[in-house]
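Listed below are the residues making up each chain.
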Amino acid sequence: MLKESQWIWMDGKMVPWKDANVHVLTHSLHYGMAVFEGIRAYSGPEGTSIFRLAEHTRRLVNSGKVMLMKSPYSEEELMDATCRVVRENNLSSCYIRPLMYVGYGDMGIYARQNPICVSISAWEWGTYLGEEGLSKGIRAKISSFSRFGVNTFLNRAKVSAHYVNSQLAKWEVKMAGYDEAILLDQDGFVAEGPGENIFIVSGGVLRTPALKTVLDGITRNAVQTLAKEMGIPVWEGVLTRDDLYLADEAFFTGTAAELTPIREIDERTIGTGRPGPVTLALQKAFFDVVHGHVKDHSEWRYPVAGRPSGK
């Protein structure tokens, strides 16, 4: 269950958590036309900061643009509102969920006159795939459900409806006793997890699927940047199931998953069956940055304190 906070920002107003409701005939509830973001705020020596808030906010607005949903708020207004939600809920570390959706009005697939609404919620939420998974690695299975193709949905947008595909994959492998799913694309090549990008380490090279049928993950980009700075070669391209099975290391990245090692895929032990040296080095570098334990990449830490109070 969610750990409730006190306030949710809805279209410019701070609304008590239990009162943050929409009508049952809200358009997006029926047709899935909504875009969202997952963002984390972390505590550190200099206070609470939000990881790459500008990039997440821009992707939210751009997702809306791709789906013909023009944001009623500027990126700056949304960023201020996000900081306000974290601050007024007195959260030092939390998960943040902005949502842009088609509101109440007309019904039917074509409802272009309905208002575009925005909410921003935040709550305390621990590691998505578990603390043990973060330290020891998880068991993954390739799902029978494929990642949708580039002409089926629009891959650059983070759309609520896309995650029906993810839920089916997740439910399938969880019911089979695994921790997380891996989806292949429509050509049978490795795509991503239900809510994560995937990396492998092979021969000292960090490898990940190219941005063909995967979301352009912000954590994915951060890990690639850190790897290059550490002298680790980074490669994007086509990965096969065999590549996963024969990898020396593997891990997921994402806002919720952060950087979670994978110790097993389809009953095959990955490497030694424990998080490998590259995975551990990147995981440490990532957490050092987001918590502000190092001065590197201060531009990725957006301070919550001192921001305008908003509307």
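Because the structure is predicted, anything quoted here is derived from the model rather than measured. Within each chain, residues carry numbers counting from 1 in the order of the written sequence. With the structure being a predicted model, the display of local features is reserved for residues of pLDDT at least 70 and the display and counting of side-chain atom pairs for 80 or more, all residues being used for whole-chain, interface and lining totals. Side-chain measures were taken over the full set of non-hydrogen atoms in the model, leaving aside hydrogen atoms and water.

By definition, any uninterrupted DSSP run of H or I lasting at least four residues is a helix, any uninterrupted run of E lasting at least two residues is a strand, and each is numbered from the N terminus. Here Thr26 is to be found in the loop between β2 (13-16) and α1 (27-31). Only heavy atoms matter for contacts: two residues are in contact if any of them lie within 4.5 Å across the pair. Among residues more than four places away in sequence, those in contact with Thr26 are Tyr101, Val102, Gly103 and Tyr104.

Below, the discussion takes up the packing of aromatic side chains. Pairing of aromatic rings covers Phe, Tyr and Trp, the last through its six-membered ring, and needs centres within 6.5 Å; plane angles under 30 degrees mean stacked, over 60 mean edge-to-face, and all others mean tilted. Across all of its chains, the model carries 12 aromatic pairs by this definition. Measuring from centroid to centroid gives 5.8 Å for Trp125 and Tyr128, while their planes differ by 70°, and the two rings are edge-to-face. Burial classes: relative accessible area under 20% of the type maximum marks a residue as buried, over 50% as exposed, and values in between as partly exposed (1.4 Å probe, protein chains only). Of the residues examined, Trp125 reaches a relative accessible area of 35% and is grouped as partly exposed. Using a relative accessible area of 33% as the deciding quantity, one classes Tyr128 as partly exposed.

Our next topic: unusual backbone geometry. If you check the backbone angles, Asp11 has positive phi at about 50° while not being a glycine. Position of Asp11 relative to the elements: it lies in the loop between β1 (7-10) and β2. Of the residues examined, Asp11 reaches a relative accessible area of 32% and is grouped as partly exposed. Although it is not a glycine, Arg52 adopts a positive phi angle of roughly 50°. Tracing the backbone shows Arg52 in the loop between β5 (49-51) and α2 (53-66).

Let us now look at the domain arrangement of the protein chain. Throughout, the edges of the domains are those of an automatic or database domain assignment. Each assigned domain of the protein chain is listed here: domain 1 (7-123) and domain 2 (131-291). Placing a centre on the C-alpha atoms of domain 1 and another on those of domain 2 gives a separation of 26 Å. Each side of the interface is counted separately: domain 1 has 23 residues, and domain 2 has 21 residues. If you sort the residues of domain 1 by the area they bury against domain 2, Phe36, Tyr42 and Arg59 come out on top, with a joint share of 33%. What makes a salt bridge here is a side-chain nitrogen of Lys or Arg within 4 Å of a carboxyl oxygen of Asp or Glu, nothing more. Counting across the interface, domain 1 meets domain 2 through one salt bridge. Across the pair Arg40 and Glu258 runs a salt bridge, and its minimum N-O distance is 3.7 Å. As used here, buried area is the combined drop in accessible area, with a 1.4 Å probe, of two parts when they are placed together.

For the rest of this paragraph, the subject is the environment of Ser5. Mapped onto the fold, Ser5 is located in the segment before β1. Under the relative-accessibility criterion, Ser5 is labelled buried at 13%. Here the alpha-carbon distance between Ser5 and Val223, two residues 218 residues apart in the chain, equals 30 Å. Residues in contact with Ser5, not counting those within four places in the same chain, are Trp17, Asn89, Leu91, Ala122 and Trp123. At a separation of 2.6 Å, a polar atom in the side chain of Ser5 contacts the main-chain carbonyl oxygen of Ala122. Polar contact is defined as a pair of N or O atoms within 3.5 Å, subject to the rule that within protein one atom must be able to donate a hydrogen and the other to accept it, and that residues adjacent in sequence are counted only when both atoms are side-chain atoms.

Next up on the list: the state of the cysteines. Note on disulfides: each one is a pair of cysteine sulfur atoms within 2.5 Å. Inspection of every chain in the model, using the stated rule, returns zero disulfides. Cys83 forms no disulfide, and the closest cysteine sulfur to it belongs to Cys94, at a distance of 10 Å. Classification of Cys94 by relative accessible area gives buried; the value is 2%.

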